[in-house]
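# Residue-level structural notes
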Amino acid sequence: MKKLLIVLLPLLLVACGNPKVTRTNYNLLDVGMHYSEVKHMLGEPDWCDDFDRPNECRWGSEDKYIEVNFAARRVVNTSSAGL
């Protein structure tokens, strides 16, 4: 039983997704916010084009996500799906 739980727990966590990827948090994003503010609000991004100096990052999954574009580590554009 313990082995089954060890196998299923990561799958359940992935299925649940990032609980911070919500319409409310998306609406709180503003142009000009610093990357660190966005990261504090949404947690670690699930994907970035460059983790050292990101220009584009995504939080969530293919079906439900928040995507943020940065210039000089400041928000310049946002988009979302499935919220």
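In this report, we go over the structure that sits alongside the text. Everything numeric in this text was worked out from a predicted model, so none of it was measured.

All chains considered together, the criterion is met by 2 salt bridges. A salt bridge links Lys39 to Glu44; its shortest N-O distance comes to 3.0 Å. A residue is classified by how much of its surface remains accessible, and Lys39, at 29% relative accessible area, is partly exposed. A salt bridge links Glu67 to Arg58, with the nearest nitrogen and oxygen atoms 2.7 Å apart.

Turning next to helix H3 (residues 35-42). When H3 is considered as a whole, its buried residues turn out to be Tyr35, Val38, Met41 and Leu42. The buried side chains of H3 occupy one side of the element, clustering within an arc of 130 degrees when seen end-on. Looking at the buried side of H3, the elements it contacts are helix H2 (23-28), strand E1 (47-48), strand E2 (56-60), strand E3 (65-71) and strand E4 (74-81). Once H3 ends, the next one or two residues include Gly43, with phi positive near 85 degrees.

Quick look at the side chain of Asn18 now. Topologically, Asn18 is positioned in the loop between helix H1 (2-16) and H2. There is a polar contact of 2.8 Å between the side chain of Asn18 and the backbone nitrogen of Lys20. A polar atom in the side chain of Asn18 sits 3.1 Å from the backbone oxygen of Leu42.

About the thresholds
Residues numbered from 1 in each chain as written. Predicted model: local features only at pLDDT ≥ 70, side-chain atom pairs only at ≥ 80, totals over all residues. Heavy atoms only, no water. Salt bridge = Lys/Arg side-chain N within 4 Å of Asp/Glu carboxyl O. Buried < 20%, exposed > 50% of the residue type's maximum accessible area, 1.4 Å probe, protein only. Helix = DSSP H or I, 4+ residues; strand = E, 2+ residues; numbered from the N terminus. Arc of directions from axis to C-beta. Contact = heavy atoms within 4.5 Å. Polar contact = N/O pair within 3.5 Å; in protein donor to acceptor, adjacent residues only side chain to side chain.

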